[in-house]
Each structure stands twice: as structure tokens, then as C-alpha cells.
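Architecture and fold: a report
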Amino acid sequence: MDLVTRYLGMDIRTPLVPSASPLARDLDSARRLEDAGAGALIMHSLFEEAVRGEEEGMSRFLHEQETGFGEAQSFLPAHWDFEHPLDDYLDNLRRLKEALEIPVVASLNGVSPGGWIKHAEEIQAAGADALELNVYYVPTDPDEDSAQVERRYIDLLQLLRGHLNLPINMKLSPWFSALPAMVRRLERAGASGVALFNRFYQPDINIDSLRLQPSLHPSTSGELLLPMRWIALLHGRTELSLGATSGIHTATDAIKLLLAGTDVVHLCSALLVHGPGHLETVLAGIREWMDAQGFESIDEFRGRLSYLACPDLGELVRTSYIRILDSYSFSPGVMT
């Protein structure tokens, strides 16, 4: 049964690609993901703020502790005794490349043009097969309109395209006002693929302490409906690799997204909950379904239920919305 798919210009053995998570930090878990059937692996993200904060803290600790006594100065720690987050990330990338046969995709989240360029070039030199740009940007300025926000993404991509030879995957949020047009602009600017969608974690409020607090909730299968709809709309209308992320937990989830037209499905929460071996369960379910349906390769059914196959795209999108609203029924006793 042929599960090979095309991703960021590379032929990979399966469409299951673990997304950025702590699992990529550990060489043993990365090997287990490969053994379980991963087609490629996306590393955890390198955050420029973390690198910068560590550098500033190290500088204060090592270089701003003048004691005024020459002999005592010799007891201060040396900078080479401390590990640097960037060095750790690059060393991890090199170890993964040496240990794995599947492609390794690095993930980068920057805040400054210089930081994006510097870290991206070092990631390329360390041997990454591709680079995913985890552009976490939440517009908060009322005077910054959608065109300016979109320009940020295009400018960043063009900036890095001028310094890198790697395939670049753009991880997008679902909040663009005209997503198909944005994807087309990214394609023209040199992207190799898009991942839909970046799952931004929202802060919560502690009503006892009257403070904001972090909130982390694993995804659920219901969340795949959003990327599924937009992948169905984009399939066949762009040359970019399409990756679906958020809400993929089971073989059924993965099959739905492949029918919609995705090239790969990214798993994270399901692997953190069930472990790397869960990939085997998902792949077995895909193979079983393909056998029952008579499909011998993924290409035979990829995009079978994309919106491109519909005779009237606009009518179908609106008709689907109306049918969902009309199909709702109240629970017994609600209206009595």
C-alpha cells in the first residue's frame, strides 16, 4: 500500500508528520517516532526571546560582577562553563540528522529581522532539511490594518528567502481576512508550504488572585474542522504543500483531512498524551480504511472531497452553513 506523499519538495514515506513538541528534544523519543511511521519530524521551536534573555542574563552574571579584588575575580565562573540555548538547539538538530533517516524540519520564532536571519542561517548550516516559520504575531494596535499585518509575513518570508536555500514552511493563524489570497502571495514570495493553523494558547484569568495565568489545553478532534475547511478550499489551487495541524488524534481524523486535500497531517497533542507509538495506531487505521475502500495509494483519494470538486463553490459553502443551522434541534424539555 503506497503511503508516500510529497512535502516541501521532498518525497516522504507517510503523510504523518509530528509537529513541534518536546518529543523532538529527546533523541530516544525521536527515534521512536521514526520507528512508528513518521514521514518527517518538526523540531520544537527556537524562540529568539529565549536566546536573547539567556544572553542578557549570562552577561550580567559573568561580566558585571566586578568584585574589586584581583584574586577574587579568578573565582568567577567562565562563560564556556554554561550551555547556550542556541547551541543546544543546533546540537540537537545535528544529533537528529545523524540518528534519523527521515527529514528533520527546524522551527523558528523570531522577533527582529537580525534575529530571524542569524538563527535561520545557523539552522541551515547545522543541516536542517527545511525550516518552519512559527510566526506568532497578535496585532494589538488599532491603527494597524490587515494589509499591514499581511505585509509583515510577506516581508519576513522575502527577507529569509534572500538568505536561505532551504524550503520554507509558513505556519499561519486562521485570522487572515482573505486566506486564499494570502496563501497565493506567500507562494509568489517563495514559500514552499503552509501549515494550517497555528494553535495560539490563550491566557486565562484567576479570579482568586486577580491575575492572568497561562492556560494549556490539549486539542480535540473537533478542532480539525477549521483547517479541514480551508484545506478543502485551497487544494488544487496552489502549488504549496498543505499541512493540517490542530485536532488530529485518530485515523479517522487523518483520513478526513486527506480527503479534503492535505499533503500531510501534523500530530502533537495525541502524541503527548499517548506516546510516539500512537503513530502506528493511526497508520494502521488508515491502511485498514484504504483496504476496505479499494485504494492502493493516498494519491487515489487525496482531495476527493475538496471544494474544488464542487460545481458551484460559493453556493456550496453558503448552503453548508445554512444546513448546519437548520439541522440543530433542541434537547427535550428546553422549550417547555
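Residues numbered from 1 in each chain as written. Predicted model: local features only at pLDDT ≥ 70, side-chain atom pairs only at ≥ 80, totals over all residues. Heavy atoms only, no water.

**A short note on the confidence of the model for the protein chain**
Counting all residues, the mean pLDDT for the protein chain is 87, and 82% of those residues have values of 70 or more. Note that residues 53-63 has pLDDT below 50 and, in this model, 15 contacts with residues that lie over four places away or in other chains. (pLDDT = per-residue confidence, 0-100. Contact = heavy atoms within 4.5 Å.)

**Points about the sheet that holds strand E4 (residues 41-47)**
Across the sheet, eight strands lie side by side as E3-E12-E11-E8-E7-E6-E5-E4; this open sheet has parallel pairing. Every interior strand has two partners, whereas the edge strands, strand E3 (16-18) and E4, have only one. Adjacent strand axes in the sheet meet at a mean angle of 25° when their direction is disregarded. Bridging between strand E5 (residues 104-109) and strand E6 (residues 130-134) involves four bridges; their strand directions are parallel. Paired with Val105 across the bridge in E6 is Ala130. Sitting on the sheet, helix H5 (residues 113-125) touches E4, E5 and E6, and the angle it makes with E5 is about 165°. (Pairing = 2+ DSSP bridges. Helix = DSSP H or I, 4+ residues; strand = E, 2+ residues; numbered from the N terminus. Axes fitted to C-alpha atoms, helices over the stretch in contact; angles between N-to-C directions.)

**Observations concerning the nonpolar core**
Ile123, Leu131, Leu133, Leu160, Met170, Leu172 and Leu186 are the most contacted members of the largest nonpolar core, which has 79 residues in total. Tallying contributions element by element places helix H9 (residues 251-260) first for this core, with seven residues. Apart from residues lying up to four places away in sequence, Leu133 is in contact with Leu108, Trp116, Leu156, Leu160, Ile168, Asn169, Met170 and Lys171. Counting ten residues, the second-largest nonpolar core is a separate cluster that includes Tyr7, Val17, Ile42 and Ala130. (Core = buried A, V, L, I, M, F, W, Y, C linked by side-chain atoms within 4.5 Å. Buried < 20%, exposed > 50% of the residue type's maximum accessible area, 1.4 Å probe, protein only.)

**Let's talk about the side chain of Asp263**
Of note, Asp263 is situated in the loop between H9 and strand E12 (264-267). Within the buried set, Asp263 has no salt-bridge partner at all; the shortest N-O distance to an opposite charge, 4.1 Å, is to Arg302. Here Leu242 takes part through its backbone nitrogen, which lies 2.8 Å from a polar atom of the side chain of Asp263. Discounting residues that sit within four places of it in the chain, Asp263 has contacts with Thr5, Arg6, Pro15, Leu240, Ser241, Leu242, Leu258 and Arg302. (Lys, Arg positive; Asp, Glu negative; His and termini not counted. Salt bridge = Lys/Arg side-chain N within 4 Å of Asp/Glu carboxyl O. Polar contact = N/O pair within 3.5 Å; in protein donor to acceptor, adjacent residues only side chain to side chain.)

**Some words on helix H4 (residues 85-99)**
In a regular helix each residue adds 1.5 Å, so 15 residues correspond to 21 Å; H4 covers 21 Å between its end C-alpha atoms and thus fits that length. All of the buried residues in H4 are Leu86, Tyr89, Leu90, Asn92, Leu93 and Leu96. Along the axis of H4, the buried residues cluster in a sector spanning 155°; they form a single face. (Expected span 1.5 Å × (residues − 1). Arc of directions from axis to C-beta.)

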